[in-house]
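Chain by chain, the residues:
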Amino acid sequence: MNYSEVLNYITEKNKLGSLPGISAIKELLRRLGNPENKVKALHIAGTNGKGSIMAYVESVLILHGLKVGRYISPAVFGYREKWQINREYISEEKCADIISLVADQVNEMVSAGFRSPTSFEIETAAAFVYFAEEKCDYMLIECGMGGMGDATNVIDSAEIRTLASISYDHMQFLGNTLSQITQEKLGIVRPDETLVSYPQCEEVRGVIDKDAEEKGYNVIYPDTGSLRILEKSIKGSTFSYKGKEYNIAMPGEYQVLNALTAIEVLSHIQGLSLGYDEIYKGVAETVWKGRMSIASEKPLFVVDGAHNRDAWERLSETLKDCFGNKKYIFILGVLADKEYESMLDSLVPIMKKVYTVTTSSSRALGGDVLAELVADRGVEAHFIDGDNYYDRAVDAALDAAYDTDDIIVACGTLSFGGKVMRAVSDNRHNIVLHDPEFIERLKEIDEAEKERRFCRHGLDHLVSVARIGALIAADEGLKISRDKIYATALLHDIGRWSQLEQESDHSEAGALYAEKILRRAGYSEEDISEITHAIRCHGEDTERENSLAWLLYKADKMSRSCFNCDVYEECFWDEDKKNKNIKY
């Protein structure tokens, strides 16, 4: 199979749903040579926080120079995200090769009378094969939903088992009480192993301690008595633990507790000597996209993967900690098999306005139903339907927040959060367009050029460069995103007629202004570096062909209507630079 055929194959296997037991995947792995036991494993179960805890652990292990495989589910930003080595997604070719290998064994199993493994079982087997083939030092394996009956529960002996925060979720599969849910999650732990657990509530901790005594394994909890939170904001927290200071970039007290859990995991991996400096740096640099992620700073747009009652309550607490009694613009999309009414009740007190969508999941609750439930609770609600509904929901929320101090929050499911972040990313150039400093710089340019007879550098010119740049990129087949082209074009002349230009040329001044504006709009440091470089050198045709800088230079020159200029003869441009014909 090629990669496209793999996606179709998995889509077909998705129709099997979730099937109880691990007998099918054990048979599949036996036929594959039991790759699950060939790489040292860190295995985690839990309700909320599995991804964050493993992200902290992964960051430190990579910093230590190790090759680290990671298997997650569900994917948030794309199918290949499920399988990563040192944060790099599996390639399409490798994914196709491994799924094809697994699929051959699936076909033989079915022919021999076994039931077909589900899509999750196939993907889990593929993870073990991939990490074994690539000779990873460690693999970080996250349970999909439960524990005892989860497809990942086939690892005979893990280096560390970990239990994230336990709360109510998937009750139709795991039980209706915290005790039942905890017991199911603890099914991953074997006798004589070590379990590191998040600081659980009293009921859950009682179940863990009893299970550990009966099975004979060691339990380690973070020492919350030695925790001191020194500072917290929407950009993270600073805390002291066991007398040592740490910084994390993910906000919320629960993320501090996730970090403590990860620190204990790292401290108890046998044969691995990690210094404080490594753990400090790795934890500080950890980012887990879609979990209290800041998509833009002006307006502030926060995207969180919160998808159950406990997670929404934590989201509410974190927002109150950071911003007090403020109310927020929300974008919501939830699943019908969640406790969505109680979830809403936890956020209604901090809602100002809500935009709802029907997520792309087959399990989605109708956005119209969700909007009606919000409105019944006295909050203005709008259901966004039709084509490109994620983009239009983001547009609507941003339009409502421009020129205000309103904050936008999107939450509902992990995959929903990923789609919202993608929609914000596609719209970042409009965030630039509405940035207060950008608007102020444009006013300066318009005032300075009101008597100018030659080409002006106001918004009409900037938009023209943006559109021409997008057309050139399409013609040349350049893989440069439209929002990056538009942001570069909008900002390339922003340094003209400013105080900064008195100390340097307008390109350098523009790059300095652009850096701040781009960061507020949510552009990555890599994007900012590329865009500001293009701005700095857009006056000369010196850059590598098909680069963003080359594209800006070409679009800037082609935007000028020299063929219809009243002061053509007076223009100081060289003749070979004048735009005498229409191409775009």
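Before reading further, recall that the structure is shown in the block above.
All values derive from a computational prediction rather than experimental measurement.

As for the packing of aromatic side chains
Geometrically, a pair of aromatic rings is defined through the distance of the ring centres and the angle of the planes. Tallying each qualifying case throughout the model produces ten aromatic pairs. Judged by centre distance (5.9 Å) and plane angle (45 degrees), the rings of Tyr390 and Phe416 are tilted. Of this pair, Tyr390 sits in helix α14 (residues 389-401) while Phe416 sits in helix α15 (residues 414-426), and the two are 26 residues apart along the sequence. Assigned by exposure class, Tyr390 and Phe416 land together as buried. Between Arg205 and the ring centre of Tyr221, over which it is positioned, the NZ or CZ distance is 3.6 Å. When the ring centre of Tyr523 is taken as reference, the NZ or CZ atom of Arg428 above it lies at 3.9 Å.

Things to note about the packing of helix α18 (residues 459-476) against helix α22 (residues 548-558)
Axis separation between α18 and α22 bottoms out at 8 Å; the angle between their running directions is 125 degrees. As summarised for this structure, α18 and α22 are arranged oblique, according to the angle between their axes. Between α18 and α22 lies a crossing whose hand is right-handed. The residues of α22 that touch α18, namely those facing His461, Val465, Ile468, Gly469, Ile472, Ala473 and Glu476, are Trp550, Leu551, Leu552, Lys554, Ala555, Asp556 and Met558.

Focus: the state of the cysteines
Here the structure, examined in full by the defined rule, presents zero disulfides. Residue Cys143 stays outside any disulfide, its sulfur separated by 19 Å from that of Cys136, the closest cysteine. Between Cys201, a cysteine without a disulfide, and Cys143, which holds the nearest cysteine sulfur, the sulfur-to-sulfur distance is 19 Å. Cys201 sits in the partly exposed class, given a relative accessible area of 37%.

A word on helix α3 (residues 50-63)
Here α3 is 14 residues long and its end C-alpha atoms lie 20 Å apart, about the 20 Å a rise of 1.5 Å per residue gives. The buried fraction of α3 amounts to 13 of the 14 residues, a majority that puts the element mostly inside the structure. Immediately beyond the C-terminal end of α3, within one or two residues, lies Gly65, with a positive phi of roughly 95 degrees.

Some words on helix α12 (residues 340-347)
Met343, Leu344, Ser346 and Leu347 are the residues of α12 that are buried. Down the axis, α12 shows its buried residues gathered within 155 degrees of arc, on one side only. Check the buried side of α12 and you find it contacts α11 (309-323), β14 (328-332), β15 (351-356), α13 (367-376) and β17 (408-411).

Details of the pairing of strand β6 (residues 160-163)
Because side chains alternate across β6, one face comprises the buried residues Ile160 and Thr162, and the other comprises Arg161 and Leu163, equally buried. With four bridges joining them, strand β1 (residues 40-45) and β6 adopt parallel strand pairing. The residue of β6 that forms the bridge with His43 is Arg161.

Structural notes on the sheet that holds strand β12 (residues 293-297)
As summarised here, the arrangement of the six strands in space is β12-β13-β17-β14-β15-β16, forming an open sheet in which the pairing is mixed. The open sheet has two free edges, formed respectively by β12 and β16 (380-383), since each of these has just one partner strand. Direction aside, neighbouring strands of the sheet carry axes that sit 20 degrees apart on average. Two elements, β14 and β17, share four bridges in a ladder whose sense is parallel. Across the sheet, Phe330 pairs through a bridge with Val409, a residue of β17. Relative to the sheet, α14 contacts β13 (300-303), β14, β15 and β17, its axis offset from that of β14 by approximately 180 degrees.

What about the side chain of Glu264?
Along the chain, Glu264 falls in helix α9 (residues 253-267). If we ignore the near neighbours within four places in the chain, the residues touching Glu264 are Val196, Ile220, Pro222, Tyr241 and Lys242.

As for the packing of helix α17 (residues 436-448) against helix α20 (residues 506-521)
Close contact between α17 and α20 brings their axes to 9 Å; oriented N to C, the two are set at 145 degrees. Between α17, through Glu437, Phe438 and Arg441, and α20, the contact on the second element is made entirely by Tyr513, Lys516, Ile517 and Arg520. Residues belonging to the contact of α17 with α20 are distributed by class as follows: three nonpolar, no polar and four charged.

Some remarks on the pairing of strand β10 (residues 236-241)
Here β10 lies mainly inside the structure; six of its six residues are buried. Of the two faces of β10, both are covered, the one formed by Gly236, Thr238 and Ser240 as well as the one formed by Ser237, Phe239 and Tyr241. Summarising the sheet, strand β9 (residues 227-233) and β10 pair through six bridges and their orientation is antiparallel. In the sheet register, Ser233 faces β10, and the bridge partner there is Gly236. Following β9, the chain reverses through two residues before pairing antiparallel with β10. Here β10 runs beside strand β11 (residues 244-248); their pairing, made up of five bridges, is antiparallel. In the sheet register, Tyr241 faces β11, and the bridge partner there is Lys244. Count of turn residues in the β10/β11 antiparallel hairpin: two residues, of which Lys242 carries a positive phi of about 55 degrees.

Looking at the environment of Gly366
As for its placement among the helices and strands, Gly366 is situated in the loop between β15 and α13. For the pair formed by Gly366 and Glu93, sequence separation is 273 residues and the distance between their alpha carbons is 37 Å.

Some remarks on the pattern of salt bridges
Throughout the structure, instances matching the rule amount to 38 salt bridges. Note that Lys281 and Glu285 form a salt bridge whose closest N and O atoms lie 2.6 Å from each other. Take Lys281: its relative accessible area is 38%, and that puts it in the partly exposed class. Here Glu437 and Arg441 are joined by a salt bridge, their closest N and O atoms 3.5 Å apart. Placement of the pair is Glu437 and Arg441 together in helix α17, with a separation of four residues, close to one helical turn. With relative accessibility at 16%, the residue Glu437 sits in the buried group. When its relative accessible area of 10% is taken as the criterion, Arg441 is described as buried.

What counts, and at which threshold
- Residues numbered from 1 in each chain as written.
- Predicted model: local features only at pLDDT ≥ 70, side-chain atom pairs only at ≥ 80, totals over all residues.
- Heavy atoms only, no water.
- Phe/Tyr/Trp six-rings, centres within 6.5 Å; stacked < 30°, edge-to-face > 60°.
- Helix = DSSP H or I, 4+ residues; strand = E, 2+ residues; numbered from the N terminus.
- Buried < 20%, exposed > 50% of the residue type's maximum accessible area, 1.4 Å probe, protein only.
- Lys NZ or Arg CZ within 6 Å of the ring centre and 35° of its normal.
- Axes fitted to C-alpha atoms, helices over the stretch in contact; angles between N-to-C directions.
- Parallel < 35°, antiparallel > 145°, perpendicular 65-115°, else oblique.
- Left-handed = near helix turned anticlockwise from the far one by under 90°.
- Contact = heavy atoms within 4.5 Å.
- Disulfide = S-S within 2.5 Å.
- Expected span 1.5 Å × (residues − 1).
- Arc of directions from axis to C-beta.
- Pairing = 2+ DSSP bridges.
- Nonpolar A, V, L, I, M, F, W, Y, C, P; charged D, E, K, R; others polar.
- Salt bridge = Lys/Arg side-chain N within 4 Å of Asp/Glu carboxyl O.

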